[in-house]
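Each chain is listed here by its residues.
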Number of protein chains: 2
Amino acid sequence: MKTIEELLESKNIRVTAMRLLIYKFLVEKDVAVTLSDIENAFEKSDRTTLYRTIKTFEEKGIVHQIDDGTGITKYALCEKGCNCEIENDLHLHFHCNNCNETVCLTAHKIPQIKVPDGFVAENVNLVVKGFCDKCSGH
Amino acid sequence: MKTIEELLESKNIRVTAMRLLIYKFLVEKDVAVTLSDIENAFEKSDRTTLYRTIKTFEEKGIVHQIDDGTGITKYALCEKGCNCEIENDLHLHFHCNNCNETVCLTAHKIPQIKVPDGFVAENVNLVVKGFCDKCSGH
DNA sequence: TCATTAATGCACTTCCATTGCATTTGTTTT
DNA sequence: AAAACAAATGCAATGGAAGTGCATTAATGA
Ligand SMILES: [Mn+2]
Ligand SMILES: [Mn+2]
Ligand SMILES: [Zn+2]
Ligand SMILES: [Zn+2]
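Residues numbered from 1 in each chain as written. Chains lettered and ligands numbered in written order. Predicted model: local features only at pLDDT ≥ 70, side-chain atom pairs only at ≥ 80, totals over all residues. Heavy atoms only, no water.

**Comments concerning the protein's contact with DNA strand D**
- Near DNA strand D lie 18 residues; those nearest to it are Arg 14, Thr 16, Arg 19 and Arg 52 of chain A together with Tyr 51 of chain B.
- At the protein interface, 74% of the atoms of DNA strand D within 4 Å belong to sugar or phosphate.
- In the model, a phosphate oxygen of DNA strand D is placed 2.9 Å from a nitrogen or oxygen of the Ser 45 of chain A side chain.
- Between DNA strand D and Thr 48 of chain A there is a distance of 3.2 Å, counted from a base nitrogen to a side-chain nitrogen or oxygen.
- Of all elements in the fold, only helix 2 (17-28) and helix 4 (47-59) of chain A together with helix 4 (47-59) of chain B reach the threshold of two or more residues within the surface near DNA strand D. (Near = heavy atom within 4 Å. Polar contact = N/O pair within 3.5 Å; in protein donor to acceptor, adjacent residues only side chain to side chain. Helix = DSSP H or I, 4+ residues; strand = E, 2+ residues; numbered from the N terminus.)

This is how it looks when you write it as structure tokens:
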């Protein structure tokens, strides 16, 4: 069981207080977060720092970006064993039209998609919208 | 064979010179266009008019919006028989990483997507990225 | 023709992503 | 430990795109 410090160092991310806090925040959240979500959680720090921190996390492959169609970029921790850097994100994302939360459905892989002759598929973004388990009411 | 005027009227869209021009522009293009694309094609008219025209087309169900992940909204004509108003768009979209164009693959329907228990899927956005037929080089 | 309604054009706002630069903090090297 | 270096942070500003308010113009219908 690695500490967060060890994890960050293993990815060549220098450990700072802010980065530890942001990482912990992402762990606690089980949903994808926006930059503003992080901003509101840490009123002390500056948006730019948060922005660059999350970008660093993304480049180093511990966070992935999610475009759920709301127009606001969201981020979530990669699951262990995920290698976004190399191959692209394979799981689907679910956006709830009620509570407005977006979750990674990491257990639900994206099926093989056929494209016409001459087209070469490199990666796929699949977003399902509807009602999440908390909002579907049963 | 309906004229464009008849088509617009049948959808309760008042016929104006600008609307005819924009409609024709969309027909000629075989790819999804951004608002700026339209803006550049008609330097005479105002962005707001173009914006509201395309929104009108969208509301009336002759155009659908495409979020291809570039962060810029794109639009394309609905195919005949398409009823976005009622059901959601079922076909997939392809975004070329080389020429940056996005096309509707109307013949390629989105497969049935499984979601976990408790989740209710209402609609799906599926975007495939890679190289289009013009750019894949063969 | 006159009244009513819709379309258009201009100015402005808002929201989010992104960058430049000076400052602070942390790491290496001597 | 001190000096030199590099990276992280904070503030201010920019840029791009979506969207709105309102006055003006054009189309429709009584
Ligand atoms: Mn995810
Ligand atoms: Mn389409
Ligand atoms: Zn929900
Ligand atoms: Zn292409």
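Here the narrative resumes, following the displayed structure.
**Observations concerning the protein's contact with DNA strand C**
- Taken together, 18 residues sit near DNA strand C, with Tyr 51 of chain A together with Arg 14, Arg 19, Ser 45 and Arg 52 of chain B positioned nearest.
- Of all atoms in DNA strand C that approach within 4 Å of the protein, 73% are sugar or phosphate atoms.
- One nitrogen or oxygen atom from the side chain of Arg 14 of chain A is found 3.3 Å from a sugar or linking oxygen belonging to DNA strand C.
- A distance of 3.1 Å separates a base oxygen of DNA strand C from a polar side-chain atom of Arg 52 of chain A.
- Considering each element in turn, the surface near DNA strand C owes the most residues, five residues, to helix 4 of chain A.

**Things to note about the packing of helix 2 (residues 17-28) of chain B against helix 4 of chain B**
Residues and elements named next belong to chain B.
- The N-to-C vectors of helix 2 and helix 4 enclose an angle of 70°; their axes lie 11 Å apart at closest approach. Relative to helix 4, the element helix 2 is oriented roughly perpendicular. Across from Met 18, Arg 19, Ile 22, Tyr 23 and Leu 26 in helix 2, the residues of helix 4 making contact are Thr 49, Leu 50, Thr 53, Ile 54, Thr 56 and Phe 57.
- Its residues placed into classes, the contact of helix 2 with helix 4 shows seven nonpolar, three polar and one charged. (Axes fitted to C-alpha atoms, helices over the stretch in contact; angles between N-to-C directions. Parallel < 35°, antiparallel > 145°, perpendicular 65-115°, else oblique. Contact = heavy atoms within 4.5 Å. Nonpolar A, V, L, I, M, F, W, Y, C, P; charged D, E, K, R; others polar.)

**Some thoughts on the coordination of the zinc ion (ligand 3)**
Residue and element names in this part refer to chain A.
- Surrounding the zinc ion (ligand 3) are the protein donor atoms Cys 96 (SG), Cys 99 (SG), Cys 132 (SG) and Cys 135 (SG), at 2.2 to 2.4 Å.
- The site at the zinc ion (ligand 3) holds four donor atoms, and with the angles between them running 103 to 114°, its shape is tetrahedral.
- The motif formed by the donor residues of the zinc ion (ligand 3), counted along the single chain, is C-x2-C-x32-C-x2-C.
- For Cys 135, a relative accessible area of 22% translates into the label partly exposed. (Donors = N, O, S within 2.8 Å, 3.2 Å for Na, K, Ca; no water. Tetrahedral: all angles 85-135°; square planar, octahedral: opposite > 155°, others 65-115°. Buried < 20%, exposed > 50% of the residue type's maximum accessible area, 1.4 Å probe, protein only.)

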